[in-house]
Protein chains: 2
Amino acid sequence: MSLLVVGSVALDSVETPFGAREDVLGGSATYFAAASSLLTRVSVVGVVGDDFPLSELEFLGRRGVDLEGLEKVRGRTFRWKGKYGFDLNAAETLDTQLNVFEHFQPKLGAQARKAERIFLGNIDPELQLRVLDQVERPQLVCADTMNFWISGKRATLLKLLPRVDVLMVNDSEVRQLAGESNVIKAARAAQQMGARNVVVKRGEYGALLVDGAQSFYAPAFPLADVVDPTGAGDSFAGGFLGLLDRLSSSDPSALRQATVMGATIASFTVEQFSIDRLRDLTLVEVRKRFAAFRHLTHFEELPDHVA
Amino acid sequence: MSLLVVGSVALDSVETPFGAREDVLGGSATYFAAASSLLTRVSVVGVVGDDFPLSELEFLGRRGVDLEGLEKVRGRTFRWKGKYGFDLNAAETLDTQLNVFEHFQPKLGAQARKAERIFLGNIDPELQLRVLDQVERPQLVCADTMNFWISGKRATLLKLLPRVDVLMVNDSEVRQLAGESNVIKAARAAQQMGARNVVVKRGEYGALLVDGAQSFYAPAFPLADVVDPTGAGDSFAGGFLGLLDRLSSSDPSALRQATVMGATIASFTVEQFSIDRLRDLTLVEVRKRFAAFRHLTHFEELPDHVA
């Protein structure tokens, strides 16, 4: 078992209909690590500025997260500012300051190079490729991307996809990548481009796993209180890869369980601002909600007389 | 087993990115009957004008649909004209001509009054109440409604809800009814208003059943080819009530199966224009896709060592 995440560690300022927070922990690697560390050991590669409150990450250290690869450099930390309306599915970005993240060059230490499973957070696909060039023999590579890279760095992204076991994107990203409005066709097109499997994240509507010729659908857990959707996608990825690493498997059954584990942990994330809900979340709570997911989607076969 | 639908029988003109059709069969009662007649005997109460091509309904008669309650009056049939873009979730209504439907007064014959299960299609809640006043002792009442009645006839709708076992609406309707953006809270609020159970239809994202304190989620079947989403909701209702009537049950397990049956039949409906796909659809095909739904959502429990 060994899991590596390469991505952003950020300070977010977020406003939702349920409140606002300033300069709280954010970033794909932060959410990913907070989620996956419930299940396995994870190493973080990222960069922060000298204004970053490192003590805020101590709880990750106590959960066994390896933060050796988190560079501290002079300058300000990556900052994102966003706002959500009552339709919590889409954030309006108010401000993005890349700061020290602008010149981020992921450097993997001896341990990180041996990682068996890797999550490439949403960064420049050139950097994602450079990470893959540094790892020795990963068993599973999962990558996120976004509209900015799909349009601006398409050729590089197309070089990356054949090296990706799980492309993990949202509806609009897979549609944009494939130039196809139907999500199933778009996911299959992404497979044609080289991604072995595709997970399409659909926010409050759940996630679709297109795995070879099969597909699997996990709804989002129906929550009465969603406070802040920020980080749902990255904690989904953390739950997904955390479980695959814990199970040391990526067979079809494990991929399905991982999709539900992603949805499970994401459903906790959105209950509070930032990573707050993940700080003291326990595996007992996670297992309980995973089981509730089974109940949520379970139905009996049709009796034979309906024919 | 006896099922009654009261609703519109219409001629639709529809344009989607995949083609266009003029004056084809439409209306809630038409889709409902075409779907539910695969599973049980259904009686239709509705009205058409003297321009209506009755021969188009002959296939329903061959499936045992009782069309005695379909009034033929002088004048033009209800017509709806709509258009869908690549986002097939929402239709743009281009024209609505109520015509003979404007003065529709549902009159139930001796047989229809004895119906055990009733679907009240999306019509004026005053008419929905008048239908309920005519039936003798229904075991299950399911009602649809829409934004127009939620805002314009709210008081009447609130009188209807305590007589409804299953309120079947879409996301935006339940949100509008409850004045609450969270769908789970909105469904619970609708229960507080008297509806025993709530089914929230979410188009390509599936359907949520809020049943007492429990909930159940059926995704939409992932289709690579969706041609025309018109009638998906009413054929969902037809599959849902058709199965409950066939099973003569509305226990929690049957409600779950019915939700999946609704999603199953709706997934066929949208594969072709109008009710075309439902004309020669067989129960063998339906059972096969129902089973595929089980595979689509099935996942194993977590092994004990993940703790």
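Everything below is about the structure shown above.
Heads up: these notes are all about the structure in this document.

Criteria and thresholds
- Residues numbered from 1 in each chain as written.
- Chains lettered and ligands numbered in written order.
- Predicted model: local features only at pLDDT ≥ 70, side-chain atom pairs only at ≥ 80, totals over all residues.
- Helix = DSSP H or I, 4+ residues; strand = E, 2+ residues; numbered from the N terminus.
- Rg over C-alpha atoms; globule rule 2.2 N^0.38 Å.
- Buried ≥ 20, exposed ≤ 12 C-beta atoms within 10 Å, placed from the backbone.
- Contact = placed C-beta atoms within 7 Å.
- Nonpolar A, V, L, I, M, F, W, Y, C, P; charged D, E, K, R; others polar.
- Pairing = 2+ DSSP bridges.
- Axes fitted to C-alpha atoms, helices over the stretch in contact; angles between N-to-C directions.
- Expected span 1.5 Å × (residues − 1).
- Arc of directions from axis to C-beta.
- Parallel < 35°, antiparallel > 145°, perpendicular 65-115°, else oblique.
- Left-handed = near helix turned anticlockwise from the far one by under 90°.
- Least-squares fit on C-alpha atoms with pLDDT ≥ 70 in both.
- Core = buried A, V, L, I, M, F, W, Y, C linked by C-beta atoms within 7 Å.

## Describing the overall build of chain A
So, step 1. From N to C terminus, chain A includes 12 helices and 13 strands.
So, step 2. Its C-alpha radius of gyration of 18 Å places chain A within 12% of the 19 Å reference for a compact globule of 307 residues.
So, step 3. Taking the principal axes of the C-alpha coordinates as reference, chain A spans close to 70 × 40 × 35 Å.
So, step 4. Of all 307 residues assigned to chain A, the portion counted as buried reaches 54%.

## Digging into the interface of chain A and chain B
So, step 1. Chain A puts 34 residues into the contact, and the matching count from chain B is 35 residues.
So, step 2. Looking at the side of chain A that touches chain B, the elements that each hand over two or more residues are helix H8 (183–192), strand E13 (214–218), helix H10 (252–269) and helix H12 (283–297) of chain A.
So, step 3. The element best represented in the side of chain A that touches chain B is H12(A), accounting for 6 residues.
So, step 4. In terms of residue class, the side of chain A that touches chain B is made up of 19 nonpolar, 7 polar and 8 charged.

## Some thoughts on the sheet that holds strand E7 (residues 91–97) of chain A
All names here are of chain A.
So, step 1. With respect to topology, 4 strands assemble into an open sheet ordered E3-E2-E6-E7, the strand pairing being mixed. Pairing within the sheet leaves two strands with one partner each, and these edge strands are strand E3 (19–26) and E7. Each adjacent strand pair in this sheet contributes to an overall mean axis angle of 15 degrees, direction not counted.
So, step 2. As paired strands, strand E2 (residues 10–16) and strand E6 (residues 79–84) are joined by 5 bridges and run parallel to one another. In the sheet register, aspartate 12 faces E6, and the bridge partner there is tryptophan 80.

## Quick look at the sheet that holds strand E3 (residues 19–26) of chain B
All names here are of chain B.
So, step 1. If you trace the 4 strands from one edge of the open sheet to the other, you get E3-E2-E6-E7, paired in mixed fashion. Edge strands, defined here as strands with exactly one partner in the open sheet, are E3 and strand E7 (91–97). Taking the axes of each pair of neighbouring strands and ignoring which way they run, one obtains an average angle of 15 degrees across the sheet.
So, step 2. Bridge analysis of strand E2 (residues 10–16) against E3 gives 6 bridges, and the strand direction is antiparallel. From the neighbouring strand, aspartate 12 faces E3, where its bridge partner is valine 24.

## Observations regarding the environment of Thr259(A)
Residues and elements named next belong to chain A.
So, step 1. As for its placement among the helices and strands, threonine 259 is situated in helix H10.
So, step 2. On a C-alpha basis, the gap between threonine 259 and phenylalanine 240 in space is 5.6 Å, while along the polypeptide they are 19 residues apart.
So, step 3. If sequence neighbours within four positions are ignored, threonine 259 has contacts with Val199, Ala207, Leu209, Phe216, Ala218 and Phe240.

## Considering H12(A)
Residue and element names in this part refer to chain A.
So, step 1. Between the first and last C-alpha of H12 there are 21 Å, a value that for 15 residues agrees with the 21 Å anticipated at 1.5 Å per step.
So, step 2. Considered for burial, the residues of H12 that qualify are Val286, Phe290, Phe293, Leu296 and Thr297. Down the axis, H12 shows its buried residues gathered within 110 degrees of arc, on one side only. Residues of H12 that are exposed and point more than 90 degrees away from the buried face comprise Val284, Lys288 and His295.

## Some details on the packing of helix H10 (residues 252–269) of chain B against helix H12 (residues 283–297) of chain B
Residues and elements named next belong to chain B.
So, step 1. One can describe the packing of H10 onto H12 by two numbers: an axis separation of 9 Å at closest approach and a directional angle of 120 degrees. Put simply, H10 runs oblique to H12. Handedness of the H10/H12 crossing: right-handed. Facing H10, whose interface residues are Val260, Met261, Ala263, Thr264, Ile265 and Ser267, H12 presents Val286, Arg289, Phe290 and Phe293.

## A few points about the relation of the copies chain A and chain B
So, step 1. Mapping chain A onto chain B calls for a screw motion: a turn of 180 degrees about the axis and a shift of 0.0 Å along it, with 0.0 Å RMSD after fitting. In symmetry terms, the pair is related by a two-fold rotation axis. Considering only C-alpha atoms, the residue of chain A closest to the rotation axis is Tyr205(A), which sits at 3.0 Å.
So, step 2. A symmetric contact is evident, with 100% of the interface residues of chain A recurring at the interface of chain B.

## Comments concerning the pairing of strand E13 (residues 214–218) of chain B
Side-chain positions along a regular strand alternate between the two faces of the sheet.
Residue and element names in this part refer to chain B.
So, step 1. Taken across its 5 residues, E13 has 4 buried, putting it largely inside the fold.
So, step 2. Judged from the 5 bridges that link them, strand E12 (residues 207–211) and E13 form a sheet pairing that is antiparallel. Looking at the pairing, alanine 207 lines up with alanine 218 of E13.
So, step 3. In this structure, the hairpin formed by E12 and E13 is closed by a connection of 2 residues, where glycine 212 is found at a positive phi of approximately 60 degrees.

## Things to note about the packing of helix H1 (residues 28–36) of chain A against helix H9 (residues 232–247) of chain A
Residues and elements named next belong to chain A.
So, step 1. H9 packs onto H1 with a crossing angle of 40 degrees between their chain directions and a minimal axis gap of 7 Å. Judged on the interaxial angle alone, H9 and H1 are oblique. Crossing of H1 against H9: the hand is right-handed. Where H1 approaches H9, its residues Ser28, Tyr31, Phe32, Ala33, Ala34, Ala35 and Ser36 are matched on the opposing element by Asp234, Ser235, Ala237, Gly238, Gly239, Leu241 and Gly242.

## A short note on the nonpolar core
So, step 1. Ranked by size, the top nonpolar core spans 209 residues in total, and within it Cys142(A), Leu167(A), Val174(A), Cys142(B) and Val174(B) carry the most contacts.
So, step 2. Once you skip the residues sitting within four places of it in the chain, Cys142(B) turns out to touch Ile118(B), Phe119(B), Asp165(B), Val166(B), Met168(B), Ala237(B) and Leu241(B).

## Points about the pairing of E2(B)
So, step 1. Along E2(B), 5 of the 7 residues are buried, which leaves the element largely enclosed by surrounding structure.
So, step 2. Two successive antiparallel strands, E2(B) and E3(B), enclose a turn made up of 2 residues.

## Remarks on helix H4 (residues 125–134) of chain A
Residues and elements named next belong to chain A.
So, step 1. When we look at burial in H4, the residues that qualify are Pro125, Gln128 and Val131. Down the axis of H4, the buried side of the element spans an arc of 110 degrees, and every buried residue falls inside it.
So, step 2. Tucked inside the fold, the buried residues of H4 contact strand E1 (3–6), strand E8 (117–120), strand E9 (140–143), helix H5 (147–152) and helix H6 (154–160).

## Some points on the environment of Arg21(A)
Residue and element names in this part refer to chain A.
So, step 1. Note on placement: arginine 21 falls in strand E3.
So, step 2. Given 19 C-beta atoms within a 10 Å radius, arginine 21 is considered partly exposed.
So, step 3. When the C-alpha atoms of arginine 21 and methionine 1 are compared, they prove to be 35 Å apart, with 20 residues separating the residues in sequence.
So, step 4. What arginine 21 contacts, discounting residues up to four positions off in sequence, is Ser13, Val14, Phe273 and Ser274.

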